[in-house]
Amino acid sequence: MSRILQLNYWQVFLILLFSMLVGNTTIEGYPAVNDGFIIISAVLFFSIFIAYNHYLYNYLPRKVELNYNLVIINAFLSIATTIAIAILTESNEVKFTGIYALPGL
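What counts and how
Residues numbered from 1 in each chain as written. Predicted model: local features only at pLDDT ≥ 70, side-chain atom pairs only at ≥ 80, totals over all residues. Heavy atoms only, no water. Helix = DSSP H or I, 4+ residues; strand = E, 2+ residues; numbered from the N terminus. Buried < 20%, exposed > 50% of the residue type's maximum accessible area, 1.4 Å probe, protein only. Contact = heavy atoms within 4.5 Å. Core = buried A, V, L, I, M, F, W, Y, C linked by side-chain atoms within 4.5 Å. Phe/Tyr/Trp six-rings, centres within 6.5 Å; stacked < 30°, edge-to-face > 60°. Patch = residues over 30% accessible without salt bridge, like charges linked within 9 Å, V, L, I, M, F, W, Y side chains within 5 Å. Areas by Shrake-Rupley, 256 points an atom, 1.4 Å probe, with all protein chains shown as cover. Salt bridge = Lys/Arg side-chain N within 4 Å of Asp/Glu carboxyl O.

Relative to the helices and strands, N34 resides in helix α2 (residues 31-57). Classification of N34 by relative accessible area gives buried; the value is 15%. The contacts of N34, once residues within four sequence positions are left out, are T25, T26 and I27.

Here the focus is the nonpolar core. Counting residues in hydrophobic clusters, the biggest one holds six residues: I4, V12, I48, A51, Y52 and Y55. Looking at which element gives the most residues to this core, the answer is α2, with four residues. Those residues in contact with I48 that sit more than four places away from it in its chain are I4, I15 and L16.

To continue, consider the packing of aromatic side chains. Tallying each qualifying case throughout the model produces two aromatic pairs. On the basis of an interplanar angle of 80° and a centroid distance of 6.4 Å, the ring pair of F46 and F49 is categorised as edge-to-face. Placement of both F46 and F49 in helix α2 is noted, with a separation of three residues, approximately one turn of the helix. By relative accessible area, which is 27% here, F49 ends up partly exposed.

Let us now look at a nonpolar patch on the surface. Together, L60, V64, L66, L70, I73, F76 and L77 line one region of the surface with nonpolar side chains, adding up to about 640 Å² of accessible area. Mapped onto the elements of the fold, L77 is located in helix α3 (residues 68-89).

Moving on, we come to the environment of N69. In this structure, N69 sits in helix α3. Each C-alpha atom of the pair N69 and G98 lies 40 Å from the other, and the pair is 29 residues apart in sequence.

Before going further, it helps to spend a moment on the environment of V71. Take V71: it is sitting in helix α3. Not counting the four nearest positions on each side in its chain, V71 is found in contact with N53 and Y57.

Structural measurements only, silent on function.
This is the structure in structure tokens:
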């Protein structure tokens, strides 16, 4: 599985692009299938994220002291935040107008 570190940038781009295309796919009249597409997309995206974190952690120099639990906590918080946003917005899209559309506000 460490072959993931040997992927070229364009291969990673294609994997992430496929993940995003699956997540944006909708079929009218089938909300359960659409939710399934979103779940598959999230699993693909976060599996790449977690795999890179896991395998890059093994390549740290010996003198670097980094707690592996921080990597796991980072992945968990990213997934939990994504799930919370999906539950609170009840859809894939969020629209802000006015001053709320500015980043950081």
